[in-house]
Structures are given as structure tokens and as C-alpha cells.
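Take a look at the letters that make up each chain.
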Amino acid sequence: MVGDGTWNQPAGTITDDTEQALCIARSLVEHQVFDPADIAERFVAWYDSGPFDIGRMTMRSLSRLKHGDEWDEAGQHVWEQSREGQNAGNGSVMRCPPLAIPYATDWDRLAEVSRQSSQITHADSRCTYGCAVLNLTIAGILDDTETPLGDALDYVGSDAPDELIAALESLARGESPGALETSGYVIDSLQTALHDGLFAESAEEAIVTAVNRGGDTDTIGAVAGAVAGARFGASTLPDRWLAALDAAEELESLANQLT
Ligand SMILES: [Mg+2]
């Protein structure tokens, strides 16, 4: 774990991915239910704190929320005003895994709250269903199923966009796609992060592999880490990482309260 990368931050600094995951987790713990309006309010408070990095669609949606849009309007408006190529970033997928813990055994509700959590800033169906597939996969892992990604894809079925299913199908069969992309496009990020999270032999290997690919490192690392964390358990994370990590204590406490 080293610091002074792209954003010149010390080792262990959390980024927008974890900041927003914390907003979701805190809301779930405090309200004991998924409350998208409350989560949107927490996102706006974080946005007002002046983060050093924030995604474009997230910034535009949170700005609209701040000026009065409802939780289910802002992301939709921003999506309608964005052109193909700039309308399906990974900004909602990277923060959604806390939902998979309390809703792990209720797949209908988990898919629904995952999609709604995306809609706050990312309304494209590749993003909303990307969140659903990721969280259903994590739920399957927590339930010790043999084929968590395949089960998740079967569950969302033809409701999910073809492009999302096509990108993840071969991974679900255990095949590694030829090239793994590291862009902020939700399909690229999900494919690469699920590959690293599902195929690695340890949580450490998954996260190091994902982060060292470069590109959108914090997000691919966050998603791969969520999957690998569910597979191998928190106790397998290296102590030297946890000691350096900002918010480690709160993350652990929230995770315990979400179960
Ligand atoms: Mg990122």
C-alpha cells in the first residue's frame, strides 16, 4: 500500500467509491431500511464537503439534487442529457455492495434496492442492472453457492441489457475474456473487477491484481475487493493494510451492524 499517486494522497486514503459506500451503509444502519431519499441527502452532504475526486454524472446529479430534484429525478435528467459514451459510468456500481449484506436472502428486494441506489446518479440500465448483478453475485457468494455470477445473470434474465449479459456470461462459465479493460465505462469496470474478484486465490491477490491494472484503479479495486471480501472474509485482509486504512474501524463496525 503506497501513497502519492494520481491525487497526491497518503496511503490508506479513501476515495469517492468508499465515501459513497459509507453513505449507503450509515443510512441502512441508522434507518434499518433502504431509504433512497436519505442516501441522496448524504451524497449531497459529501459533495458539499469538497471531495478531491468525483465522477461527472455523480457531480451533475448531486448538483441537481441539491437544487431540489427528488432522489429519483436527478439521475434520470442527467442521463437524458448525456450522450452515448458518456452516460454509463461505473459511479453507482462502485458504491452499492453494502446493500448486499442486509438484503442477501431477499433477491427480489436486493435487485430492486440495488437498481434504485444506482438511479440516484446513474439511471442507465447498464448501471442499474450492473448494480443488481454485482449485489446478487455477492449475495450468492455469502450463501456459498457454486455459480454466484451465473445465478445472478439468470435471475435478472432478459430484463437486463444484452450488452451487460454478453460481457459477463463467459466469466460466469469460468472463462477469461481475452482483453480486460480498465476504463470508467460500467461494463468494462464490472467485467474486469468481477474477473479479478472471482478468479483470484485470495483477497489480497484479487485487490492487488485489480489495482495494479491501472486505469480507474480505485473503482476496479473497490468492486473486485467487495467480491473477494465476500469470498474470503474480512479476516484474510492483511493487517498492514487495515492499519493504514482510513475509516477501517467504522467500516468494520458498519459491516457488523449490517449483518
Ligand atoms: Mg474511480
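Below is a short write-up of the structure. Residue indices begin from 1 for each chain and proceed along its sequence in written order. Given that the model is predicted, a residue must reach a pLDDT of at least 70 before its local features are reported, and side-chain atom pairs must reach 80 or more before they are shown or counted; all residues, however, enter totals for whole chains, interfaces and linings. Calculation of side-chain values draws on the structure's entire complement of heavy atoms; hydrogens and water are dropped beforehand.

1. Observations concerning the pattern of salt bridges
Right, so step 1: Take a side-chain nitrogen of Lys or Arg and a carboxyl oxygen of Asp or Glu: if they are within 4 Å of each other, that pair is a salt bridge. Taken as a whole and judged by the stated rule, the model has 12 salt bridges.
Right, so step 2: Through salt bridges with shared partners, a single ionic network connects E84, D124, R126 and E163.

2. Brief notes about the coordination of the magnesium ion
Right, so step 1: At this site the magnesium ion is bound by D216 (OD), D218 (OD) and T219 (OG1), with donor distances of 2.2 to 2.3 Å.
Right, so step 2: With water excluded from the atoms, a metal site may look incomplete; its donors are any N, O or S atoms within 2.8 Å, or within 3.2 Å for Na, K and Ca. Counting gaps between the donor residues of the magnesium ion yields the pattern D-x1-D-T.

3. Notes on unusual backbone geometry
Leaving glycine aside, a negative phi is the common case for residues, and trans is the common case for peptide bonds.
Right, so step 1: If you check the backbone angles, Q32 has positive phi at about 60° while not being a glycine.
Right, so step 2: Only runs of H or I of at least four residues qualify as helices and only runs of E of at least two qualify as strands under DSSP, and these elements are numbered from the N terminus. Examined against the element boundaries, Q32 turns out to sit in the loop between helix 1 (16-31) and helix 2 (36-48).
Right, so step 3: Take Q32: its relative accessible area is 64%, and that puts it in the exposed class.
Right, so step 4: In this structure, A247 takes a positive phi of about 70° despite not being glycine. Categorising residues by exposure relies on relative accessible area from a 1.4 Å probe, with only protein chains included: less than 20% of the type maximum marks a residue as buried, more than 50% marks it as exposed, and the intermediate range marks it as partly exposed.

4. Here's the deal with helix 5 (residues 107-119)
Right, so step 1: Multiplying one less than the number of residues by 1.5 Å gives the expected span of a helix. Between its terminal C-alpha atoms helix 5 stretches 18 Å, which fits the 18 Å expected from 13 residues at 1.5 Å a residue.
Right, so step 2: Among the residues of helix 5, L110, A111, V113, S114, S117 and S118 are the ones counted as buried.
Right, so step 3: Those residues of helix 5 that are buried lie in contact with helix 6 (125-142) and helix 7 (148-156). Note on contacts: a residue pair is in contact if any heavy atoms of the two residues lie within 4.5 Å.

5. A word on helix 2
Right, so step 1: Helix length check: helix 2, at 13 residues, gives a terminal C-alpha distance of 18 Å against a target of 18 Å (1.5 Å per residue), a fit within 8%.
Right, so step 2: Of all the residues in helix 2, the buried ones are P36, D38, I39, A40, R42, F43, V44 and W46.
Right, so step 3: The inward-facing, buried residues of helix 2 contact helix 1 and helix 3 (56-66).
Right, so step 4: Backbone geometry just after helix 2 places G50 at a positive phi near 75°.

6. Brief notes about the packing of aromatic side chains
Right, so step 1: Note on aromatic pairs: the rings of Phe, Tyr and Trp (six-membered ring only in Trp) are paired at centre separations within 6.5 Å, and the planes decide the class, stacked below 30 degrees, edge-to-face beyond 60, tilted for the rest. One pass over the structure, following the stated rule, counts two aromatic pairs.
Right, so step 2: Considering the side-chain rings of W7 and F52, the 5.9 Å spacing of their centres and the 55° angle between planes classify their relative orientation as tilted. Here W7, found in the segment before helix 1, pairs with F52, found in the loop between helix 2 and helix 3; they are 45 residues apart in sequence, far enough to count as distant.
Right, so step 3: Among the residues examined, W7 registers a relative accessible area of 43% and is labelled partly exposed.
Right, so step 4: Centroid distance W107 to Y155: 5.3 Å. Interplanar angle 80°. Geometry classified as edge-to-face.

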